[in-house]
Amino acid sequence: LALIRLASALPVLLVIAAIPRPAMPRGRGLALVVAYGVFWFAAYTVVLNWAEHHLDAGTAAMLVNVAPLLVAVVAGLLFGEGFPRPLVVGLIVAFAGVVLIAFGSRGAPTIDGIGIVLGLLAAVLYAAGVLTQKVALRSVEPVAATWVGCAAGLVATLPFAPQAMVEVPAASTGALVAALALGVGSTAIAFSTWAYVLQHSGAGPAAATTLVVPALATGIAWLVLGEVPTVLALVGGALALGGVTISRLRP
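All of these numbers come straight from a predicted model, not from anything done at the bench. (Residues numbered from 1 in each chain as written. Predicted model: local features only at pLDDT ≥ 70, side-chain atom pairs only at ≥ 80, totals over all residues. Heavy atoms only, no water.)

**Student:** Help me understand the environment of L211, please; the structure alone is not making it clear to me.
**Tutor:** Mapped onto the elements, L211 comes out in the loop between α10 (203-209) and α11 (213-225). As a C-alpha pair, L211 and A94 span 117 residues in sequence and 6.2 Å in three-dimensional space. Setting aside residues no more than four positions away along its own chain, L211 makes contact with N65, P68, L91, A94, F95, V98, A240 and V244. (Helix = DSSP H or I, 4+ residues; strand = E, 2+ residues; numbered from the N terminus. Contact = heavy atoms within 4.5 Å.)

Below, the structure written as structure tokens:
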């Protein structure tokens, strides 16, 4: 799945890059972009996919969203971003909302030791990718950083190619369409806009905005899939939205 996702995203990213034609990263910038691509595009995606074999979606989202907290702490200590009160309060409120969404998604989060370890590892890889990318974007254009990072991630997932060649012909049409949608929408388009935001914002505040994802997913599932959220999930979604809003306020 990770290989198919990146393989479908890279051509779209190359088309996007053909418009501004950014300079190819070199030297230290290239090394940072490759590192972020391996951390985030490859390792994070594979580990998250693995975790979701052991966890329900709500629990996986709760564990992965530890990442914005890690990003805010490291960026505050090492990048000089500090710990503005709105950011700290907003992170706490939004993460509390994510926890409520997880509890409300299926009554209670799935408790699976391997899944929890993998979910937390995915969060660490997510945070490492964001922080490495933030440093890379000081000298590399966002479009170039995104397509080169995706290419690095694709190369890192090539060992899964033999397995993919066996599984793709046997997969359902719906599964293949979903994988392609992950590549075009959630990877090519989303990571391109994310890189622009990260270059023009602190790593902590940018990462805090991603805490709104579980709330959006709950709303979309309600509208598109007919999955009516519980009251707990609705309260959690409101907290997540409110927390992200607070995090973006000026001190």
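Still to come is the rest of the account.
**Student:** What is the right way to look at helix α1 (residues 2-18) in this model?
**Tutor:** In an α-helix, one turn spans 3.6 residues; hence positions three or four apart end up facing the same way. For α1, with 17 residues, the first-to-last C-alpha span of 24 Å sits near the 24 Å given by 1.5 Å per residue. All of the buried residues along α1 are A2, L3, R5, L6, S8, A9, L10, L13 and A17. The secondary structure elements touched by the buried residues of α1 are α2 (27-51), α7 (142-156), α8 (161-170) and α9 (173-199). (Expected span 1.5 Å × (residues − 1). Buried < 20%, exposed > 50% of the residue type's maximum accessible area, 1.4 Å probe, protein only.)

**Student:** Mind showing me how you'd approach the layout of surface pockets here?
**Tutor:** It is a probe the size of a water molecule, rolled over the atoms, that shows where empty space is left. The volume enclosed by the largest pocket comes to roughly 1,600 Å³. In this structure, the largest pocket is lined by 42 residues; those nearest its centre are E52, A61, V213, P214 and A217. Breaking the lining of the largest pocket down by element, the ones donating at least two residues are α1, α2, α3 (57-64), α5 (85-105), α9 and α11. Element by element, the count of residues in the lining of the largest pocket is highest for α11, at seven residues. Taken together, the residues of the lining of the largest pocket break down into 26 nonpolar, 12 polar and four charged. Taken as a whole, the second largest pocket spans an internal volume of roughly 480 Å³. Lining the second largest pocket we find 17 residues, and of these L1, A2, N49, Q163 and E167 sit closest to its centre. For the lining of the second largest pocket, the secondary-structure elements that each account for two or more residues are α1, α2, α8 and α9. Element by element, the count of residues in the lining of the second largest pocket is highest for α8, at four residues. Tallied by class, the residues present in the lining of the second largest pocket amount to 13 nonpolar, three polar and one charged. (1 Å grid on protein atoms, 1.4 Å probe; cavity = no way out; pocket = protein on both sides within 12 Å on 5 of 7 lines; lining within 4 Å. Points joined across faces, edges and corners; volume = space filled by probe spheres on them. Nonpolar A, V, L, I, M, F, W, Y, C, P; charged D, E, K, R; others polar.)

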